[in-house]
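Each chain, letter by letter, is given below.
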Amino acid sequence: MAAAPALKHWRTTLERVEKFMSPVYFTDCNLRGRLFGASCPVAALSSFLTPDRLPYEEAVQRDFRPAQVGCSFGPTWWTCWFRVELTIPEAWVGQEVHLCWESDGEGLVWRDGEPVQGLTKEGEKTSYVLTDRLGERDPRSLTLYVEVACNGLLGAGKGSIIAAPDPEKMFQLSRAELAVFHRDVHMLLVDLELLLGIAKGLGKDNQRSFQALYTANQMVNVCDPAQPETFPVAQALASRFFGQRGGESQHTIHATGHCHIDTGRTVSWAWGQVPYALSWVGPSSLWAQLPSTCPQAQQLEWVKSRYPGLHSRLQEFACRGQFVPVGGTWVEMDGNLPSGEAMVRQFLQGQNFFLQEFGKMCSEFWLPDTFGYSAQLPQIMHGCGIRRFLTQKLSWNLVNSFPHHTFFWEGLDGSRVLVHFPPGDSYVMQGSVEEVLKTVANNRDKGRANHSAFLFGFGDGGGGPTQTMLDRLKRLSNTDGLPRVQLSSPRQLFSALESDSGQLCTWVGELFLELHNGTYTTHAQIKKGNRECERILHDVELLSSLALARSTQFLYPAAQLQHLWRLLLLNQFHDVVTGSCIQMVAEEAMCHYEDIRSHGNTLLSAAAAALCAGEPGPEGLLIVNTLPWKRTEVMALPKPGGAHSLGLTPSPGDSAQHGLCSCSSPHLAAAPAASAACVRSARAPTDSASRPPPTKTDGSVTLDNGIIRVKLDPTGRLTSLVLVASGRRAHAEGAVGNAVCGLVDDVPCTGMAWGTHVDWWRLAGTCAGPRAGTPWAVGTEGGLRGSAWFLLQISPNSRLSQEVVLDVGCPYVRFHTEVHWHEAHKFLKVEFPARVRSSQATYEIQFGHLQRPTHYNTSWDWARFEVWAHRWMDLSEHGFGLALLNDCKYGASVRGSILSLSLLRAPKAPDFTADMGRHEFTYALMPHKGECWGRWGSFQDAGVIQAAYSLNFPLLALPAPSPAPATSWSAFSLSSPAVVLETVKQAESSPQRRSLVLRLYEAHGSHVDCWLHLSLPVQDAILCDLLERPDPAGHLPLRDSRLKLTFSPFQVLSLLLVLQPPPH
């Protein structure tokens, strides 16, 4: 007689099923305890330790010593190689056999000289499938090697993944044995886990929830772990439940294998190459079942050089659509700090690599984990052949929830791309029911989009998808009560979204992350190195291009420049240029920057030599203006013995843009007529400019060059700033500028290097108080430069010295600053209260600028308490404004009428030494009265953009090894100040290697027609995209060495110039 049904209690039934599959309780009699069957120890185990990352061929030749389970190895950043000798028992024929391996660190299994699988407890990869069915003729004995890196999947942080690494940490091998794996038990466990997930996720008010729980309970009833013959009955119960289909309107989840690796955050560049292999090696059966993505070309290039066999296999998988390169960039770069040109090069290098190695370029930009997204990214994507974008980082917003998951994003110039944020708000899903249900429930575009991405696989430190994750998702493919789940490539996901995009909303402007604002400032030396190296590569490419055009003997250094660019792009990864990396990575970045500087200067000298070859005239200096407008500036010229003297140097040529001129001595004989810069006391007459007079009895100093007049108190604070011609005061009455806030507490609510205090400005009481400072000296140099030096003791441990400089003819005053900084959890800022009122401030971004509020009306406003900018920010009212320029800073804010620039931080994790030591940087203040055709104008008309460029790109004075050109020469000039010629370089590929690419952009935010004047032997001119692919309809007529170009606001144009062949 059949047993009568019994009433089920929800909680006890849940717990019954949980204990039946628990890895902790009752494993001697439950189902989990039967996952592995018979086992035996490995036949022999030996190892050796090395501080180096050795290639396999070298490692296997080393002296291995006997080892055993339980042995310790290390310390951090070393590698332990194990030789594992195996003998499979004869009785295991017909069964699936695994090597079970559990150790600390990241392991990589080598078989027959090739990496075959990663092993890591953190990534749930603790066994390697030796054979899925041992055959009669299969070998019983074999030798494997396991390479174990002494760091975790997320680095080696002491007590926390964001803490500084523990250099003394030791690692242990806790398991190494052979075992029979029961695949049927594994599948039952997956089914039970999913049924429990459905029961819990749908809750007690849902009929389907009870069906799932009762099915699981029935499976426990019929399944005896000790009797495998009962397993099919339990499996049939699960299959019946999962076979009940959902309706046609069900939301569709597109599941894609994903492996996000934070290149260089917790592990050094060289040390971090094992995680890439660990993440992408695996049994072919796994790759054959799913598409999996890789978004960083640099990682694949490392795999190619270190693991060429694995790279070949990835190429094969890519041909079959199982391995999908995405993103199109060299690394997952930061979305805020790199220059516009650097962002273009990320795509140029990445897309070309993917095309060369995998036969096609990427159609999706993939940047799931970076700290904000510039408003120029849509245009840059468009120019690189990409119309689709995936990220999810804005789900981390501290204050406001972003209102969309699927939408169109309109950039600064009006370009639009389709954007998708996975609604599960993660790129490291594991295929659980909870994650699947969250993806549907969390979708903020219900009714507009019925498809969502689901990125599964261990990430951040690598690891990638596992077989268990895949088994879960395949089981959930089409089950009543749940969304439909299908394994999809990114192309399939976006195609589905595009097919039903008519109701999608549009977001205009930047995608600002309301978190991690401290990354705009942390590790100031890295940010300075980044800015300097962007400038050096700009200058090298320009001079090399001019040398190529003027010299038939010059060989453009394409290979060297590609290497240097890739070094720079590597360090623009979103955890390196932002400063949120460990000390080892920061030190490597500084070495890379020094390599770029050193090799870049060598290449500059070579180009200068080529430009001077065969010229008449005396040996001397080659003066180069690398910017596209006329400049007359004071610059330091070298004298014999290593000293320098000042000279007033006009830029070459009448139009003086991108040009050259010679200088045969360190002193120029003539200079344009202009007021001399002077230093004087408050009572001194203006004719005393040539000698340094005493300061006023109160210690104040005044600098005046006829354009602006600056008054400083004895501690270097600005007490007066006046535009001389109009008499207009720029500083706020009763306030002081150049107020350095050195004792602001900086204890963020998020990670130390990443975050900063929301209300830092409320704590900045030291900005306005008295400072321990004294004027050091005042002086003039030949009537060309006035300056004053100040010393300031910021705290008992830190000091600042500053030279305040005003040059003849210069519209801004410079603050050359040196800081010795030894603080903990402090923020160094400088403030300038302005006599300007505006509800919006303007900040430079890549290829343009945008406005942000100066008030805190809404939560969206005050969440931007600290923002990022590039070379300048400006606060203007009608007809007047104040701009703050810098040469290597990014963190900024304007609150009310106070302009603030962030200088240094002192976080203690993940790098305890971040920002400690000596720093040099310059910022400048520029009051302006914009005037255009005799009427009031704007900061654009006043030349703020050009001034910031000039501060960052000083005139070059290069030694000429042979006679310099006897006459000035200008290569390019532009008819409109609204257009910037940003880049001149050799084309990536041209048959004769005599083609140049020019990149220009509209900088004012206006529609404009512009004539580009050329002094080069140009044969043809063609518009091209950012990947330098010619536009078939883009041929431009060349008229009297001029090209007419038409721009819309903030538009970027690339131009391919084919040079005439050299005369024979």
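Model, not experiment: these values are computed from the prediction.

Thresholds applied
Residues numbered from 1 in each chain as written. Predicted model: local features only at pLDDT ≥ 70, side-chain atom pairs only at ≥ 80, totals over all residues. Heavy atoms only, no water. Salt bridge = Lys/Arg side-chain N within 4 Å of Asp/Glu carboxyl O. Helix = DSSP H or I, 4+ residues; strand = E, 2+ residues; numbered from the N terminus. Buried < 20%, exposed > 50% of the residue type's maximum accessible area, 1.4 Å probe, protein only. Contact = heavy atoms within 4.5 Å. Pairing = 2+ DSSP bridges. Axes fitted to C-alpha atoms, helices over the stretch in contact; angles between N-to-C directions. Phe/Tyr/Trp six-rings, centres within 6.5 Å; stacked < 30°, edge-to-face > 60°. Lys NZ or Arg CZ within 6 Å of the ring centre and 35° of its normal. Parallel < 35°, antiparallel > 145°, perpendicular 65-115°, else oblique. Left-handed = near helix turned anticlockwise from the far one by under 90°. Nonpolar A, V, L, I, M, F, W, Y, C, P; charged D, E, K, R; others polar. Expected span 1.5 Å × (residues − 1). Patch = residues over 30% accessible without salt bridge, like charges linked within 9 Å, V, L, I, M, F, W, Y side chains within 5 Å. Areas by Shrake-Rupley, 256 points an atom, 1.4 Å probe, with all protein chains shown as cover. pLDDT = per-residue confidence, 0-100.

Undergrad: Sorry if this is basic, but what is going on with the pattern of salt bridges here?
TA: When charged atoms on two side chains of opposite charge get close, those side chains can pair. A complete count under the given rule lists 43 salt bridges for this structure. Lys 304 serves as the salt-bridge partner of Glu 357, at 2.6 Å between the closest nitrogen and oxygen. Pair noted here: Glu 357 is in helix H10 (residues 340-358) and Lys 304 is in helix H8 (residues 297-306), with a separation of 53 residues, a long-range link. Two residues, Asp 746 and Arg 905, come together in a salt bridge whose shortest N-O distance is 2.8 Å. Here Asp 746 is found in the loop between strand S31 (739-745) and strand S32 (772-781), whereas its partner Arg 905 is found in strand S43 (residues 898-905), with 159 residues between them in sequence. Each member of the pair Asp 746 and Arg 905 is classed as buried.

Undergrad: Please explain the side chain of Asn 443 as it appears in this structure.
TA: Its location among the elements puts Asn 443 in the loop between helix H12 (433-441) and strand S19 (451-456). Setting aside chain neighbours within four positions, we find Asn 443 in contact with His 251, His 405, Pro 423 and Ala 449.

Undergrad: When you look at the sheet that holds strand S49 (residues 972-974) in this model, what are you seeing that I'm missing?
TA: Sheets are built from strands paired through backbone hydrogen bonds, the pairs being either parallel or antiparallel. Taken in spatial order, the three strands of this open sheet run S49-S52-S55, and their pairing is antiparallel. Because the sheet does not close on itself, it has two edges, and the strands there are S49 and strand S55 (1042-1047). Sheet twist, expressed as the mean angle between neighbouring strand axes with direction ignored, is 25°. Here S49 pairs with strand S52 (residues 1008-1014) via three bridges, running antiparallel.

Undergrad: How do you make sense of the packing of aromatic side chains when you look at a structure like this?
TA: Any two aromatic rings considered together are summarised by their centre-to-centre distance and by the angle between their planes. With the rule as written, the count across this model stands at 33 aromatic pairs. Each ring, one from Tyr 56 and one from Trp 81, has its centre 6.4 Å from the other, and the planes form 55°; the classification is tilted. Of the two residues, Tyr 56 sits in helix H2 (residues 56-59) while Trp 81 sits in strand S5 (residues 79-87), which places them 25 residues apart along the sequence. With a centroid separation of 6.1 Å and an interplanar angle of 70°, the aromatic rings of Phe 832 and Tyr 923 are classed as edge-to-face. Note that Phe 832 is positioned in strand S36 (residues 826-833) and Tyr 923 in strand S44 (residues 917-928), a separation of 91 residues in sequence. For the pair shown, Phe 832 and Tyr 923 are each scored as buried. What links up through ring pairs into an aromatic cluster is the set Phe 48, Tyr 56, Phe 64, Trp 81, Trp 110, Tyr 145 and Tyr 307. Arg 871 extends its terminal NZ or CZ atom over the ring of Tyr 949, reaching a point 4.0 Å from the ring centre.

Undergrad: Explain the packing of helix H16 (residues 558-570) against helix H17 (residues 583-612) here, please?
TA: When two helices pack together, their arrangement is given by the angle between the helix axes and the distance between those axes. Packing of H16 against H17 leaves a shortest axis separation of 10 Å and a crossing angle of 155°. With respect to each other, H16 and H17 are oriented roughly antiparallel. Seen along the crossing, H16 lies across H17 with a hand that is left-handed. The residues of H17 that touch H16, namely those facing Gln 560, Leu 561, Leu 564, Leu 567, Leu 568 and Leu 570, are His 592, Tyr 593, Asp 595, Ile 596, His 599, Gly 600 and Leu 603. Along the lines of polarity and charge, the residues of the contact of H16 with H17 split into eight nonpolar, four polar and one charged.

Undergrad: It is not clear to me how the packing of helix H1 (residues 10-20) against helix H4 (residues 207-222) should be interpreted in this structure. Could you clarify?
TA: Two elements in contact, H1 and H4, have axes whose closest approach is 10 Å; the angle formed by their N-to-C orientations is 50°. One element, H1, and the other, H4, form an angle in the oblique class. Crossing geometry of H1 relative to H4 is assigned as left-handed. Across the interface between the two elements, Trp 10, Thr 13, Leu 14, Arg 16, Val 17 and Phe 20 from H1 touch Ser 209, Phe 210, Leu 213, Ala 216, Asn 217, Val 220 and Asn 221 from H4. For the contact of H1 with H4, the residue count by class is eight nonpolar, four polar and one charged.

Undergrad: Looking at this model, I keep getting lost on the environment of Leu 377. Mind explaining?
TA: In this structure, Leu 377 sits in helix H11 (residues 377-383). For Leu 377, a relative accessible area of 0% corresponds to the buried category. When residues no more than four places from it in sequence are discounted, the contact partners of Leu 377 are Met 333, Met 343, Phe 365 and Trp 409.

Undergrad: Help me out: how do you make sense of the environment of Arg 34 in this one?
TA: Tracing the backbone through its elements, the reader meets Arg 34 in the loop between H1 and strand S1 (36-41). A relative accessible area of 25% means that Arg 34 is categorised as partly exposed. Through-space distance from the C-alpha of Arg 34 to that of Ala 226 is 7.9 Å; in sequence the pair is 192 residues apart. Ignoring anything within four residues of it in the chain, the contact list for Arg 34 reads Thr 27, Asp 28, Cys 29, His 182, Val 185, Pro 225 and Ala 226.

Undergrad: I tried to follow helix H9 (residues 308-319) on my own but got confused; where do I start?
TA: Structurally, the α-helix is built with 3.6 residues per turn, so residues lying three or four positions apart point the same way. Its twelve residues place the ends of H9 17 Å apart at the C-alpha level, agreeing with the 16 Å of an ideal helix rising 1.5 Å per residue. Note on H9: the residue one or two positions beyond its end, Gly 321, has a positive phi of about 80°.

Undergrad: Is there a simple way to think about a nonpolar patch on the surface in this case?
TA: Side chains of Val 24, Tyr 25 and Phe 26 sit close together on the surface and give an oily, nonpolar patch of about 350 Å² of accessible area. When you line up the elements, Tyr 25 lands in the loop between H1 and S1. Since its relative accessible area comes to 48%, Tyr 25 is described here as partly exposed.

Undergrad: Even after reading the chapter, I still don't get the confidence of the model for the chain, so can you show me in this structure?
TA: Do not read the predicted coordinates in detail wherever pLDDT is low. Confidence in the prediction for the chain averages 89 pLDDT; 88% of positions are at 70 or higher. For residues 763-771, every residue scores under 50 in pLDDT, and the model assigns this stretch 22 contacts once sequence neighbours within four places are set aside.

Undergrad: What am I meant to see in the pairing of strand S56 (residues 1052-1059) here?
TA: The side chains of a regular strand alternate, residue by residue, between the two faces of the sheet. Extensive coverage of S56 is indicated by the burial of eight of its eight residues. The alternating pattern of S56 places Val 1052, Ser 1054, Leu 1056 and Val 1058 and Leu 1053, Leu 1055, Leu 1057 and Leu 1059 on opposite faces, both of which are buried. Bridge analysis of strand S51 (residues 995-1002) against S56 gives seven bridges, and the strand direction is antiparallel. The residue bridging Val 997 from the neighbouring strand is Leu 1056, located in S56. Where strand S53 (residues 1018-1024) meets S56, six bridges bridge the pair, whose relative direction is antiparallel. The residue bridging Leu 1023 from the neighbouring strand is Leu 1055, located in S56.

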